[in-house]
Amino acid sequence: MNKKYFWYLLISFATLGCFLRIINLNSNPPHLGNDEISIAYDSYSVRTTGKDEYGISWPLSFKSHRVYKSPLYAYLNMPFNYLLGNSEYGVRLLSALMGTIAIIIIGLVGRFIGGDKVGLFGASLLAINPKSIFVSRMAYESNLASIIMLVGIYLIFLFYKKQKNLFLIFSGLFLGISTWAYQTQWILVPLLSFGLPFLWRKKINFKKWLLMWLIIILLMIPIIWDLINVQMKDPFNRASSQIWFNGVAIQNYLSSTQDNIFKKITTVLIDPIYRYFDHFSLDYLFTKGMELFPKNEPFNFGWFLLATLPLLIIGLINLNKIFKENSTGLLLWWLLCPVVPSFTHGEIAAVRNLAFIMPTLIIMAGGLFILFNKSKKIFYLIIFIILINFGYFSIAYYIHFPKISGDDFQYGYKQAWLYIKPIVNNFDKVIIEPKFGPYGQFSGLPRLYFGYFGAFNSKEILLRSDDSSKIGKYSMRDVDWNQEKTEPNSLYIVSASNPVIDNNKYLLLDKIMNTNGKTQFLIYKTKN
């Protein structure tokens, strides 16, 4: 294929993918979610004060509701925060652009290991991939990590074929940097960086990989050191509790069963094996894994369009024929991706296995390549069905999803702030209830939402008392109207499930509606 033609098509697919990832980025998803607002606020706080919300200067991990987040996204996002301000674009655009860059990178990887057509097919499939679109439209650390790691893997394949040390150096740099972006890469990067050289040991002596390993280790040392410090300070942090043997089901089994020690150990050790194979469930990958809608909804989506399932099967069957000497490396890459998330408990956490998307789509691209060569009629039929499938996904995601997902993204905090912003100076106290949802069953992070969108600045939040629920005149706490002491010039933002009892003391100013048309928050003021 002509080089210019290849790049023309590749850039066209990337442009399409960019459009799908950026359009209405400020309103779909409808609100910044829990994890997003934590990253957004930390990026803003460090940019303006050099400290996170807890006063730690330039941290290597950001504390966020008993989780310690990796630092790279918050730091790389600072220029976007500076240019675009404290907005949805100011934290999501980085992820959207990385998702666009991934289309180009996967095109290059596919081209290198399978030829021009495989590269272009891979890029086109990623451009319209449901899971990639979904995660690229949110500030996901794991999206950033998986794409940086993708570049590192591409460079490993380049070194395998060309054996130039420059590729080795940069593969070490990108793989090492990816460990600063998300915790999954702490284990997955070593697995891949040792697994692939081991697979190719007959062609390339192990010693030639030492430079890459050294760079990765040097880059990981600060992260590992920080992890040790975090574990010493907070050994029961939520991330530690996610390890599979800390799960409730396993702990209940170990504490209540009369089984002998051998059976207990066997049961605990076999659980990750079951979880590993769950990641290859066709039902999960092609029909239900996305969970755009509630689980009982019949019309849901998997990570990949259902119409691409035949491509995966054909690609796996013809792996050696398509990718030749690179087939074993691609297969190992594909098989290793779910290893790390298999050692966590609970339902499959898609966010921990985003790296799985890339090798899967390359294999699918190989399947499409086989169809292209064997039967143009079937090839064009599959393309037509994929486009219909994608059209259905687009309607579901771009039109219906924003209307029903408000609770999942703590919808209403920004809208409540925008409502009270013109009048807030008329009040001495503002009380914000962290509860929300139809029954007040969810708990949010109002201090971060109100801080990020302008109620108080990053320096003020650093001056708060040890009780993080009070910042200046703003108090984030539960409201019990039976116990509430009525004070003049007070403003209340409470869950719709908690209306006032005594209308003689409080005046309803307005209601903040959820995306589904139901009331999310009630705004009251005291009657002076």
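Just above sits the structure.
Here we summarise the structure given alongside this text. The model shown is predicted, which means the values in this text are computed figures rather than measured ones.

1. Some points on the overall build of the protein
Next, step 1: A count of helices and strands for the protein gives 23 helices and 10 strands.
Next, step 2: Rg of the C-alpha trace for the protein: 25 Å, near the compact-globule value of 24 Å for 528 residues, within the 12% margin.
Next, step 3: Expressed as lengths along the three principal axes of its C-alpha atoms, the size of the protein is roughly 80 × 55 × 50 Å.
Next, step 4: Each of the 528 residues in the protein was classed as buried or not, and the buried ones make up 55%.
Next, step 5: Counting only carbon and sulfur atoms, one obtains 63% of the accessible surface of the protein, whose full area is about 23,700 Å².

2. Description of the pattern of salt bridges
Side-chain pairs of opposite charge can arise where the charged atoms are in close proximity.
Next, step 1: All told, the structure shown has 11 salt bridges when counted by the stated rule.
Next, step 2: Among the ionic pairs, Lys203 bridges to Glu325, the shortest N-O distance being 3.5 Å. With Lys203 in the loop between helix 10 (184–199) and helix 11 (210–233) and Glu325 in the loop between helix 17 (319–323) and helix 18 (327–336), this pair connects stretches of sequence that are 122 residues apart.
Next, step 3: For Lys203, a relative accessible area of 43% corresponds to the partly exposed category.
Next, step 4: Across the pair Lys429 and Glu487 runs a salt bridge whose closest N-O atoms are separated by 2.8 Å. With Lys429 in strand 3 (residues 429–432) and Glu487 in the loop between strand 7 (474–476) and strand 8 (490–495), this residue pair connects regions lying 58 residues apart in the sequence.

3. Focus on a nonpolar patch on the surface
Next, step 1: Residues Leu166, Ile169, Phe170 and Leu211 make up a contiguous nonpolar surface patch of about 320 Å² in total accessible area.
Next, step 2: By the element assignment, Leu211 lies in helix 11.
Next, step 3: Leu211 gets classed as partly exposed once you look at its relative accessible area, which sits at 34%.

4. So, the sheet that holds strand 8
Next, step 1: A sheet is described by the order of its strands in space; here 6 strands give the open sequence 6-7-3-8-10-9, paired in mixed fashion. Edge positions in the open sheet fall to strand 6 (470–471) and strand 9 (506–513), since each of these has one partner strand only.
Next, step 2: Both strand 8 and strand 10 (residues 519–526) contribute to a ladder of 5 bridges, which runs antiparallel. Each bridged residue has a counterpart across the sheet, and for Tyr492 the counterpart in strand 10 is Tyr524.
Next, step 3: Helix 21 (residues 413–420) rests against strand 3, strand 7, strand 8, strand 9 and strand 10 of the sheet, and its axis sits at about 135 degrees to strand 9.

5. Let's talk about the nonpolar core
Next, step 1: Counting 151 residues, the largest nonpolar core has Trp333 and Phe450 as the members making the most contacts within it.
Next, step 2: Broken down by element, this core gets its largest block of residues, 15 residues, from helix 8 (residues 141–162).
Next, step 3: Apart from the residues lying within four places of it in its own chain, the contact partners of Trp333 are Val109, Leu150, Ile153, Phe157, Leu192, Ala355, Met358, Pro359 and Ile362.
Next, step 4: Judged by nonpolar contacts, the second largest core, of 9 residues, contains Val479, Val494, Val500 and Tyr524.

6. Quick look at unusual backbone geometry
Next, step 1: Geometrically, the link from Asn28 to Pro29 is a cis peptide bond, its omega value of 0 degrees lying close to zero.
Next, step 2: Positionally, Pro29 belongs in the loop between helix 1 (3–22) and helix 2 (34–49).
Next, step 3: For Asn24, which is not glycine, the phi torsion reads 50 degrees and is therefore positive.
Next, step 4: Mapped onto the elements, Asn24 comes out in the loop between helix 1 and helix 2.

7. Looking at the side chain of Ser87
Next, step 1: Mapping Ser87 onto the fold places it in the loop between helix 4 (78–84) and helix 5 (89–114).
Next, step 2: Beyond its immediate stretch of four places on either side in the chain, Ser87 contacts Tyr452 and Phe453.

8. Topic: the pairing of strand 8
Next, step 1: Of all 6 residues in strand 8, 6 are buried; the element is thus mostly enclosed.
Next, step 2: Direction of pairing for strand 3 relative to strand 8: parallel, over a ladder of 4 bridges. Bridge pairing in strand 8 places Val430 opposite Leu491.

About the cut-offs
- Residues numbered from 1 in each chain as written.
- Predicted model: local features only at pLDDT ≥ 70, side-chain atom pairs only at ≥ 80, totals over all residues.
- Heavy atoms only, no water.
- Helix = DSSP H or I, 4+ residues; strand = E, 2+ residues; numbered from the N terminus.
- Rg over C-alpha atoms; globule rule 2.2 N^0.38 Å.
- Buried < 20%, exposed > 50% of the residue type's maximum accessible area, 1.4 Å probe, protein only.
- Areas by Shrake-Rupley, 256 points an atom, 1.4 Å probe, with all protein chains shown as cover.
- Salt bridge = Lys/Arg side-chain N within 4 Å of Asp/Glu carboxyl O.
- Patch = residues over 30% accessible without salt bridge, like charges linked within 9 Å, V, L, I, M, F, W, Y side chains within 5 Å.
- Pairing = 2+ DSSP bridges.
- Contact = heavy atoms within 4.5 Å.
- Axes fitted to C-alpha atoms, helices over the stretch in contact; angles between N-to-C directions.
- Core = buried A, V, L, I, M, F, W, Y, C linked by side-chain atoms within 4.5 Å.

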